[in-house]
Amino acid sequence: MLLPKKHQPLIIACLLVVVSLIILSYSVKKPTSVGFFRELILETAAPLASMITVSVKNLAGVWKRYILLVGLEDENGRLKRDNALLIQEINRYREGYLENIRLQKLLSLKERTNHHTVAAMVIGRDQTSMMKAILINKGTVHGLRLDLPVIADQGVVGRIVETSAHVSRVLLLIDENSNTDALVQENRIQGILQGAASLGCSLKYVPKTETVSVGNIVVTSDLSGLFPKGLLLGAVKNVEKTDSGLFQQIDVAPFVDFSKLEEVMVIVLDKSDNMGKTRKLN
Amino acid sequence: MTYYISLPFFSLALIVSQMMTEDIVFSGKIAVELSLIVVIYAGFRFDVLRGGILSFILGFIYDCLTCPLSGLYTLIYVLVFLISKVASLRISPGQPFLIMSLTLVCALFEGMTIIFFHPVLYGGGISTHAILAYLPQILIVSVLSPVLFGAFHWIEAVLNVRESQPVKRT
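Model, not experiment: these values are computed from the prediction.

*Asks:* Tell me about helix 1 (residues 8-29) of chain A, residues and numbers included.
*Replies:* The α-helix winds at 3.6 residues per turn, so residues separated by three or four positions along the chain end up facing the same way. Residues and elements named next belong to chain A. Compared with an ideal rise of 1.5 Å per residue, which puts 22 residues at 32 Å, helix 1 spans 31 Å between its outermost C-alpha atoms and is within 8% of the ideal. Among the residues of helix 1, those classed as buried are Q8, I12, A13, L16, V17, S20, L24 and S27. Down the axis of helix 1, the buried side of the element spans an arc of 165°, and every buried residue falls inside it. Within helix 1, the exposed residues directed more than 90 degrees away from the buried face are L10, L15, I22 and K29.

Right under this line is the structure:
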């Protein structure tokens, strides 16, 4: 520095004050003049300020989201509980709706039948390899007895083989011990519909001379007096005429889907029509 | 030399950060003038040339960014630095109460200067409400000053250590 060392601080201080006063007086004199340095600083500060603002806003956003997350867990738990309750409620309504549809079908079936009928609910299934049967929640108290026919809206389900006061067992058409008098609707050929378990049923004792086609409808005949005439049993799905034997091999697919049965109708025939005996369930 | 080159950038960063903090944290209701404390601190730690230029640049940038007039804060900061420099002959930075008092005096001086120049700046006298709003700011700055003095001292020490570290031979 060219300034004397002793007075250097004083001179620098005075210089700075004087320069400040000059800038100030110039600025007061020409307030509209922006000035190069002022403009330069403003231009430089703007991106810096913008960067800080964006960073702080992002941080504030993260913080707000964190605060939101704190309450979110409780809310999530509450919503899950509400959701579970609502699902249960919807399920109840759906079940009610489907039950209503099924009962409407049964009701229409009841209206079509001339006989007295008792509606029953399927309460158990006994579809092991040995026996194909279902349990229904009606028994002798409701007027049911042995060998009464049981039907659903699609067709014949089977017949009662055991009954107690409030429960009955129904032997399904597909049980191998089930034999039902049947006839082919189109050409009135008589036969015995025998259960064949998972294969459905087969129509026995139809002579080779008779013509039975795939798709023919098989209905009940009233020869044995167990079933009223004309109830739907199934449709012919396969016909084979072997070289040996007198009869045809006719496979019948039952109309009823036994695995989905929920409500059935028991036709209460007069005792003169049905001579079965009542056996007590264990 | 590094000091003088980095000074404008440091000053700009400080003033912008200060303004942003006032705006974001206090919603522009309270202005905590850290730059004023920096100037007072410079009075204690730097010689007239270094401290004076620091105050001048800080004040000028503050003028450019906040004041309609250039030179007002430049003058105030230079004068505050000189007041602080004179006070440093009697006061030690390790005396918090005296530092707080000095900061209070400097802040009051700043406020009075602004009130004096207010008619020139805005074409009318300052309202009582504005003066009352200014008082808590002065108190906050005064209370914070000893803490910030400690912080500045620590930063200065860190920077000095880095500068004085020799280059290792490999």
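*Asks:* If you had to explain the interface of chain B and chain A to someone new, which residues and values would you point to?
*Replies:* Facing 29 residues of chain B, the contacting portion of chain A comprises 24 residues. Note on chain B versus chain A: buried area summed over both sides is about 2,300 Å², and carbon and sulfur give 84% of it. Our count for the chain B to chain A interface comes out at 0 salt bridges. Joining chain B to chain A, the criterion identifies 1 residue pair in polar contact (both at pLDDT 80 or more). With 10 residues, helix 3 (residues 48-66) of chain B is the single largest residue contributor to the side of chain B that touches chain A. The residue inventory of the side of chain B that touches chain A, partitioned by class, reads 23 nonpolar, 5 polar and 1 charged.

*Asks:* Quick one: what's the story with helix 1 (residues 2-24) of chain B, residue by residue and with numbers?
*Replies:* With 23 residues, helix 1 of chain B extends 32 Å from end C-alpha to end C-alpha; this agrees with the ideal 33 Å at 1.5 Å per step. Along its length, helix 1 of chain B reaches its greatest deviation from straightness, about 30°, at P8 of chain B.

*Asks:* Can you tell me about the pairing of strand 10 (residues 232-240) of chain A, naming the residues and giving the values?
*Replies:* Residue and element names in this part refer to chain A. One ladder, built from 3 bridges, connects strand 9 (residues 217-220) with strand 10; its direction is antiparallel. Looking at strand 10, one finds that V219 is bridged to L232. Relative to strand 11 (residues 249-254), strand 10 runs antiparallel, the two sharing 6 bridges. Considered in strand 11, the bridge of A235 is made with A253.

*Asks:* Tell me about the pattern of salt bridges, residues and numbers included.
*Replies:* The full count for this structure, using the stated rule, is 8 salt bridges over all chains. We note a salt bridge from R78 of chain A to D82 of chain A, for which the minimum N-O separation is 3.6 Å. Placement of both R78 of chain A and D82 of chain A in helix 2 (residues 36-112) is noted, with a separation of 4 residues, approximately one turn of the helix. With a closest N to O distance of 3.1 Å, E156 of chain B and R45 of chain B form a salt bridge. A residue pair is termed long-range when its members are at least 10 positions apart, and E156 of chain B in helix 6 (residues 128-164) and R45 of chain B in helix 2 (residues 34-45) qualify at 111 residues. Because the salt bridges share partners, they merge into one network encompassing R102, E262 and E263 of chain A.

*Asks:* Any details on the packing of aromatic side chains? Residues and values, ideally.
*Replies:* Using the criterion set out here, one finds 9 aromatic pairs over all chains in the structure. Relative to F60 of chain B, the ring of F37 of chain A lies with its centre 6.4 Å away and its plane at 80°, an arrangement referred to as edge-to-face. With F37 of chain A in helix 2 and F60 of chain B in helix 3, this pair bridges two chains. Under the relative-accessibility criterion, F37 of chain A is labelled exposed at 54%. When the ring of F44 of chain B is compared with that of F149 of chain B, the centres are 5.6 Å apart and the planes differ by 80°; the resulting orientation is edge-to-face. Here F44 of chain B, found in helix 2, pairs with F149 of chain B, found in helix 6; they are 105 residues apart in sequence, far enough to count as distant. Look at F44 of chain B and you get buried, because its relative accessible area is 12%. Looking at F149 of chain B, the relative accessible area reads 4%, which means it is buried. Three or more aromatic residues joined by ring pairs form one cluster here, namely Y41, F44, F149 and F152 of chain B.

*Asks:* Account for the environment of C201 of chain A, naming residues and giving values.
*Replies:* All names here are of chain A. Position of C201 among the secondary structure elements: in strand 8 (residues 201-204). Relative accessible area serves as the criterion here: at 2%, C201 is assigned to the buried category. When the C-alpha positions of C201 and P254 are compared, they lie 6.9 Å apart, and in sequence the two are 53 residues distant. Sequence-distant contacts of C201, defined by excluding residues within four places in its chain, comprise L173, I174, L193, Q194, G195, A196, I250, D251, V252 and P254.

*Asks:* Kindly report on the packing of helix 1 of chain B against helix 2 of chain B, identifying the contributing residues and their values.
*Replies:* Residues and elements named next belong to chain B. Packing of helix 1 against helix 2 brings their axes to within 9 Å, and their N-to-C directions diverge by 140°. Regarding the angle of helix 1 to helix 2, the classification is oblique. Residues L14, I15 and Q18 of helix 1 touch helix 2, and the partners they reach there are L34, S35 and V38. The residue inventory of the contact of helix 1 with helix 2, partitioned by class, reads 4 nonpolar, 2 polar and no charged.

*Asks:* Describe the side chain of T74 of chain B, listing the residues and the values that go with them.
*Replies:* For T74 of chain B, the position within the fold is in helix 4 (residues 72-87). At 2.6 Å, the side chain of T74 of chain B and the side chain of D63 of chain B are in polar contact. Residues in contact with T74 of chain B, not counting those within four places in the same chain, are S20 of chain A together with F56, G59, F60 and D63 of chain B.

*Asks:* Quick one: what's the story with the confidence of the model for chain B, residue by residue and with numbers?
*Replies:* Residues and elements named next belong to chain B. In the predicted model, chain B carries a mean pLDDT of 82, and the fraction of residues at 70 or more is 88%. Per-element confidence in chain B ranges from a low mean pLDDT of 81 for helix 6 to a high of 92 for helix 4. Prediction confidence for the complex, expressed as pTM and ipTM, is 0.52 and 0.82 respectively.

Calculation criteria
Residues numbered from 1 in each chain as written. Chains lettered and ligands numbered in written order. Predicted model: local features only at pLDDT ≥ 70, side-chain atom pairs only at ≥ 80, totals over all residues. Heavy atoms only, no water. Helix = DSSP H or I, 4+ residues; strand = E, 2+ residues; numbered from the N terminus. Expected span 1.5 Å × (residues − 1). Buried < 20%, exposed > 50% of the residue type's maximum accessible area, 1.4 Å probe, protein only. Arc of directions from axis to C-beta. Contact = heavy atoms within 4.5 Å. Buried area = accessible area lost by both parts, 1.4 Å probe. Salt bridge = Lys/Arg side-chain N within 4 Å of Asp/Glu carboxyl O. Polar contact = N/O pair within 3.5 Å; in protein donor to acceptor, adjacent residues only side chain to side chain. Nonpolar A, V, L, I, M, F, W, Y, C, P; charged D, E, K, R; others polar. Bend = angle between axes of the 7 residues up to and from the residue. Pairing = 2+ DSSP bridges. Phe/Tyr/Trp six-rings, centres within 6.5 Å; stacked < 30°, edge-to-face > 60°. Axes fitted to C-alpha atoms, helices over the stretch in contact; angles between N-to-C directions. Parallel < 35°, antiparallel > 145°, perpendicular 65-115°, else oblique. pLDDT = per-residue confidence, 0-100.

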